[in-house]
Amino acid sequence: MTVAVTPDDLLEFVERSPLAVAAHDKAAWLALFARHHVVEDPVGGRPVVGGLYDRRGGSRGPHALSRFWDTYIAPRSIRFHYDGPDIVRGLDVVRNVTIEITDTAGVVLQTPAYLLYELTNDGGVLRIGRLAAHWEVGPVVAQLAGFDRAHARSIAQTNIRLLKYQGLGGAFAFGRAVRSVGNPGKAAVADLVSKAQAGSDHAVQLLGGTVVGNLRKVIASGDVVVSTCVAGEGPAVLFCYLDRRSGTVVGTDLFIAPEGVGPPR
């Protein structure tokens, strides 16, 4: 078998993930991932790594990913709303979404996010090698800050599942994901873009030779700041990677939508 390489094939493939999540089809979702995979959800938290020996599972396999499903997906109703065009580059797909999560307590959370799917040829079959979900933990957790019974029950249920499936270390790791480059990182990205627009050769070079503008929906997760922007006259998504010690941008990755796709909404 050969890996499908057309953009339409890649988009159809990644769409299977939200469809499996909406249907609560765990087996179908796990089957989307390569034998060796990494899931960062959120970026900045503890990555889920598959294909290595898993002590709790007792063998090599998707045990950690299965526990991730049981912790975060199984008890919730999850819908994806698309805030911009999907962008395909090579075997990578970027999706600009807002994830609507409803838990068993009836609490609804809105999570603005960017999803980066890095697909791979896994034994001649298209699979997900890496999934990076860029979203901010703090604002999402803040939505649970109500004092009514539903919010209290939601927090309690989340904590119980975290401890049951991720253990104490996993619960602490999720808490640490709140720490990111934050507003200073966002300011550093805005400064970089401003300098590129003003003609700074270094800034333009750091942006891969493309001057961008109109930064919107700016999200900081871990050491990464992601935003929708305009490159030329079309929509794009800009990933900026920062040195957390100096607070400076040290690398970027720009995904530009093909011609004919409308501007960001």
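Structure shown above.
This one's a predicted model, so the numbers in the text were calculated from it and none came from an experiment.

Peer 1: What should I look at first to understand the environment of Lys186 in this one?
Peer 2: For Lys186, the location among the structural elements is in helix 6 (residues 182–197). Note: C-alpha distance between Lys186 and Ile219 (33 residues apart in sequence) is 7.8 Å. Residues within four places of Lys186 in sequence aside, it is in contact with Glu136, Val218, Ile219, Ala220 and Val225.

Peer 1: Could you clarify how one ought to interpret the pattern of salt bridges in this entry?
Peer 2: Pairs can form between side chains of opposite charge once their charged atoms are near each other. All told, the structure shown has 13 salt bridges when counted by the stated rule. Across the pair Asp86 and Arg95 runs a salt bridge whose closest N-O atoms are separated by 2.9 Å. Overall, Arg95 belongs to the buried group, its relative accessible area being 5%. The closest approach of N and O atoms between Lys195 and Asp191, which form a salt bridge, is 3.2 Å. Here Lys195 pairs with Asp191, and both are found in helix 6, just four residues apart, close to one helical turn.

Peer 1: What is the right way to look at the nonpolar core in this model?
Peer 2: Inside soluble globular proteins, nonpolar side chains tend to come together where they are buried. Core analysis: the biggest nonpolar cluster contains 38 residues, and Trp29, Phe33, Tyr117, Leu119 and Ile128 have the highest contact counts within it. Among the elements of the structure, helix 1 (7–22), helix 2 (26–30), strand 1 (33–40), helix 3 (63–73), strand 7 (92–103), strand 8 (108–122), strand 9 (125–134) and helix 4 (137–142) are those that each provide at least two residues to this core. Counting residues per element, this core draws most heavily on helix 3, at six residues. If we ignore the near neighbours within four places in the chain, the residues touching Ile128 are Phe13, Leu32, Phe33, Ala34, His37, Tyr117, Glu118, Leu119 and Thr120. The next biggest cluster of nonpolar side chains, apart from the first, holds 21 residues, and it includes Ala196, Leu207, Cys229 and Ala231.

Peer 1: Got a minute to help me understand helix 3 in this structure?
Peer 2: Every α-helical turn comprises 3.6 residues, leaving residues that sit three or four positions apart pointing alike. Most of helix 3 is tucked away, with 10 of its 11 residues classed as buried. Turning to helix 3, its buried residues number three or more, namely Ala64, Leu65, Ser66, Arg67, Phe68, Trp69, Asp70, Thr71, Tyr72 and Ile73.

Peer 1: What is the right way to look at the sheet that holds strand 12 (residues 234–243) in this model?
Peer 2: Hydrogen bonds between backbone atoms are what pair the strands of a sheet, whose relative direction is either parallel or antiparallel. What the four strands build is an open sheet, ordered 10-11-12-13; its pairing is antiparallel. Strands at the two margins of the open sheet, each flanked by one partner only, are strand 10 (212–221) and strand 13 (248–256). Between one strand axis and the next, the sheet turns by 25° as a mean value, whatever way the strands run. Across six bridges, strand 10 lies against strand 11 (residues 224–231) in antiparallel orientation. Bridging from a neighbouring strand, Arg216 pairs with Thr228 of strand 11. The strands that helix 6 touches are strand 10, strand 11, strand 12 and strand 13; relative to strand 10, the one it contacts most, it runs at about 160°.

Peer 1: Whenever I open this one, empty space enclosed by the protein confuses me. Can you help?
Peer 2: The probe, sized like a water molecule, is rolled over the atoms to show the empty space still left. Under the counting rule described, the total for this entry stands at one cavity of 30 Å³ or more. Of the voids in this model, the largest cavity is the one considered here, and its volume is about 50 Å³. Pro85, Asn96, Thr228, Ala236 and Val237 are the residues nearest the centre of the largest cavity, which is lined by 10 residues in total. Of the residues forming the lining of the largest cavity, the biggest block, three residues, is contributed by strand 12. Looking at side-chain class alone, the lining of the largest cavity contains six nonpolar, three polar and one charged residues.

Peer 1: What am I meant to see in the pairing of strand 8 here?
Peer 2: Within a regular strand, the side chains alternate between the two sheet faces. Note: strand 7 against strand 8, 11 bridges, orientation antiparallel. Paired with Val93 across the bridge in strand 8 is Tyr117. Between strand 7 and the antiparallel strand that follows it, strand 8, lie four residues; Gly106 among them carries a positive phi value of about 90°. Sheet analysis places strand 8 next to strand 9, joined by nine bridges and oriented antiparallel. Bridging across to strand 9, Asn121 finds its partner in Leu126. Here strand 8 folds back onto strand 9, and the loop between the two strands holds two residues, one of which, Gly123, carries a positive phi near 65°.

Analysis parameters
Residues numbered from 1 in each chain as written. Predicted model: local features only at pLDDT ≥ 70, side-chain atom pairs only at ≥ 80, totals over all residues. Heavy atoms only, no water. Helix = DSSP H or I, 4+ residues; strand = E, 2+ residues; numbered from the N terminus. Contact = heavy atoms within 4.5 Å. Salt bridge = Lys/Arg side-chain N within 4 Å of Asp/Glu carboxyl O. Buried < 20%, exposed > 50% of the residue type's maximum accessible area, 1.4 Å probe, protein only. Core = buried A, V, L, I, M, F, W, Y, C linked by side-chain atoms within 4.5 Å. Pairing = 2+ DSSP bridges. Axes fitted to C-alpha atoms, helices over the stretch in contact; angles between N-to-C directions. 1 Å grid on protein atoms, 1.4 Å probe; cavity = no way out; pocket = protein on both sides within 12 Å on 5 of 7 lines; lining within 4 Å. Points joined across faces, edges and corners; volume = space filled by probe spheres on them. Nonpolar A, V, L, I, M, F, W, Y, C, P; charged D, E, K, R; others polar.

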